[in-house]
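# Coordinate inspection notes
Given next are the chains, with one letter for each unit.
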Amino acid sequence: VAPPIEGLAEAGYLDNETVFSLTDRPARIAVIGAGPIGCELAQSFQRLGSEVHILERMDQILTREDPDAAKIVQDVRVREGVEMIFGCAIERVERRGDERVLHLTCPEKGARELVVDAILVGAGRAPNVEGMGLETVGVRFDPKAGVEVDDTLRTSNPRIWAVGDVCMQWKFTHAADAAAKIAVQNALFAVGPFGRKKLSDLIMPWCTYTEPEIAHVGLYEREAMERGIAIDTYQVSIAEANRAVTDGQEEGLVKVHVRRGSDEIVGATVVSAHAGDLVTQFTLAIQNKIGLGSFTNVIYPYPTQGEAIKRAAGAYTRTRLTPTVKRLFERWLSWQR
């Protein structure tokens with residue numbers, strides 16, 4: 001999806017597909033959009049030696065993610081030399097020879113010209129649904145939302161099923177793979193309304209492959225509040241794992257949300273060098289109803305970054321040592337003496 005910016009199409013821009021056709025490194029590149037695509041490719045170009053500018057209309061990168069987690073990734077980008085331009089409107093784009101000029105209006109600094117050699121649009125994607133003849137076979141769709149499916153992935157034509165980015169909110173390769181299994185089972189093997197697999201039953205993790213990575217599964221704090229779910233949150237720095245220190249990868253965190261009054265995990269975010277691997281432990285826990293307290297009994301090889309998860313579990317376990325329990329322990333130990 002290219003935002004409706006005057007002159008952008010005429011000036012020319014790259015997207016997440018055409019960018020891989022480049023044969024020369026642009027000396028200066030502007031990245032429109034600070035979502036996963038924009039952040040991953042911005043860091044790539046910066047490390048290849050380009051001067052990188054990220055333009056984002058909101059006030060942080062990765063706006064869907066936990067603010068504490070996104071800030072860690074953002075601070076790394078800034079330290080590495082990527083310029084973050086937040087809240088500025090792109091009024092128009094023009095081409096001057098081989099250069100592209102973005103005319104910006106910023107709330108505090110006013111008008112500004114940003115001159116670059118290439119523009120990369122990472123502002124999202126739209127489904128390809130036109131010209132497929134979906135209307136003629138009775139499959140309902142929306143040009144923006146994509147193909148309409150129910151929770152079993154069946155379309156409005158009961159003989160046609162859909163999976164993947166074209167019909168799902170989760171626009172990930174692994175999400176399409178999991179959904180394909182559901183569609184096949186429901187289309188070929190389910191009998192009647194019983195025993196059908198549902199998309200809503202999936203526990204879906206995801207990861208943005210910056211360095212450090214940022215991964216998440218389950219509910220964010222804001223989503224828990226919107227659903228009226230009271231939670232307690234336990235957070236530790238990834239630097240509490242000695243392996244992260246020895247690897248020089250101390251920027252990160254493990255943040256876990258549990259249902260208040262229990263150790264039931266409702267969501268988790270990990271920022272670390274291998275967050276996508278670590279978050280799988282929380283996915284397994286949520287799917288199999290394993291409480292956060294159970295991680296205190298897991299033996300992690302030393303040293304590994306997974307120890308940070310055990311430390312988050314330890315933070316939960318310590319909350320169980322209430323004043324009453326503490327007094328009982330003191331009396332018991334005194335009697336033992």
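Structure shown above.
Everything quoted here is computed from the prediction, not taken from an experiment.

### Things to note about helix H2 (residues 36–48)
- The end-to-end C-alpha separation of H2 is 18 Å, in line with the 18 Å expected for 13 residues at 1.5 Å each.
- Turning to H2, its buried residues number three or more, namely Gly38, Cys39, Leu41, Ala42, Gln43, Phe45 and Gln46.
- Positive backbone phi, at 110°, marks Gly49, one or two positions downstream of H2.

### A few points about the sheet that holds strand S2 (residues 51–56)
- In spatial order, the strands read S3-S2-S1-S7; together these four strands make up an open sheet with parallel pairing. Looking at the sheet topology across the chains shown, the edges are occupied by strand S3 (83–86) and strand S7 (118–121). In this sheet, neighbouring strand axes are inclined to one another by 20° on average, regardless of whether the strands run parallel or antiparallel.
- In terms of strand pairing, strand S1 (residues 28–32) meets S2 through five bridges, oriented parallel. By the bridge assignment for S2, Ile29 is matched with Val52.

### Some details on the sheet that holds strand S5 (residues 99–106)
- Pairing in this open sheet of three strands is antiparallel, and the strands run S4-S5-S6 from one edge to the other. The open sheet has two free edges, formed respectively by strand S4 (89–96) and strand S6 (110–116), since each of these has just one partner strand. In this sheet, adjacent strand axes meet at a mean angle of 20° when their direction is disregarded.
- Bridge analysis of S5 against S6 gives seven bridges, and the strand direction is antiparallel. Residue pairing for S6: His103 is matched across the bridge by Glu113.

### Comments concerning the environment of Asp98
- Structurally, Asp98 can be placed in the loop between S4 and S5.
- Separated by 234 residues in the primary sequence, Asp98 and Trp332 place their C-alpha atoms 80 Å from one another.

### Some remarks on unusual backbone geometry
- Along the chain, Glu211 connects to Pro212 via a cis peptide bond; the corresponding omega equals 5°.
- When you line up the elements, Pro212 lands in the loop between strand S10 (206–208) and strand S11 (213–218).
- Unlike most non-glycine residues, Leu153 shows phi in positive territory, near 75°.
- Structurally, Leu153 can be placed in the loop between strand S9 (146–147) and helix H4 (173–188).
- Looking at Leu153, the relative accessible area reads 0%, which means it is buried.
- Phi is positive for Lys289, close to 55°, though the residue is something other than glycine.
- Its place among the elements puts Lys289 in the loop between helix H7 (275–287) and helix H8 (307–319).
- With relative accessibility at 76%, the residue Lys289 sits in the exposed group.

### Here we look at the state of the cysteines
- Evaluated as defined, the whole model comprises one disulfide.
- For Cys88, the disulfide goes to Cys106, at an S-S distance of 2.1 Å. What sets the handedness of the Cys88 and Cys106 disulfide is the S-S torsion sign, and at about 115° it is right-handed. On the criterion of sequence distance, the pair formed by Cys88 in the loop between S3 and S4 and Cys106 in strand S5 is long-range, its members being 18 residues apart. Residue Cys88 shares its accessibility class with Cys106, and that shared class is buried.
- Take Cys39: it sits in no disulfide, and the sulfur closest to it among the cysteines is that of Cys207, at 12 Å.

### Quick notes on a nonpolar patch on the surface
- A grouping of Val184, Leu188 and Phe189 is seen on the molecular surface, where their side chains present a nonpolar patch of about 340 Å² in accessible area.
- By secondary structure assignment, the location of Phe189 is in the loop between H4 and S10.
- Here Phe189 falls in the exposed class, since its relative accessible area comes to 60%.

### Digging into the pattern of salt bridges
- Going through the model one piece at a time under the given rule, you end up with 20 salt bridges.
- When the shortest N-O distance is used, the salt bridge between Glu251 and Arg79 registers 2.7 Å. With Glu251 in the loop between helix H6 (242–246) and strand S13 (253–259) and Arg79 in helix H3 (residues 67–80), the pair connects residues that are 172 residues apart, well separated along the chain.
- Linking Arg140 and Glu148 is a salt bridge whose minimum nitrogen-to-oxygen distance equals 3.1 Å.
- The exposure class of Glu148 is partly exposed, given its relative accessible area of 40%.
- Connected via shared salt-bridge partners are Arg47, Arg77, Glu80 and Glu211.

### A look at the environment of Asp24
- For Asp24, the location among the structural elements is in the loop between helix H1 (8–11) and S1.
- Owing to a relative accessible area of 62%, Asp24 belongs among the exposed residues under this scheme.
- Residues Asp24 and Gly87 lie 63 residues apart in sequence; the distance between their C-alpha atoms is 30 Å.

The rules we used
Residue numbers run consecutively from 1 along every chain, following the written order of its sequence. Reporting of local features is limited, given that this is a predicted model, to residues whose pLDDT is at least 70; pairs of side-chain atoms are given and counted only at 80 or more, and all residues count toward the totals for whole chains, interfaces and linings. With hydrogens and water stripped out, all remaining heavy atoms of the structure feed into the side-chain values. Counting from the N terminus, the helices are DSSP H or I runs at least four residues long and the strands are E runs at least two residues long. Expected helix span is given by 1.5 Å per residue-to-residue step, counting one fewer step than there are residues. Three labels apply to residues, based on accessible area from a 1.4 Å probe with only protein chains included: buried if under 20% of the type maximum, exposed if over 50%, partly exposed otherwise in between. Here, any two strands with at least 2 DSSP bridges between them count as paired. For helices, the fitted line uses only the C-alpha atoms of the stretch in contact; every axis is such a line through C-alpha atoms, and the angle between N-to-C directions lies from 0 to 180 degrees. When the sulfur atoms of two cysteines come within 2.5 Å, that pair is taken as a disulfide. Surface patches are defined over residues having more than 30% relative accessible area and no salt bridge, joining like charges when they lie within 9 Å and nonpolar side chains (Val, Leu, Ile, Met, Phe, Trp, Tyr) when within 5 Å. Surface accessibility in these figures is a Shrake-Rupley result with a 1.4 Å probe; residues are shielded only by whichever protein chains are displayed. Any carboxyl oxygen of Asp or Glu that lies within 4 Å of a side-chain nitrogen of Lys or Arg is treated as forming a salt bridge with it.

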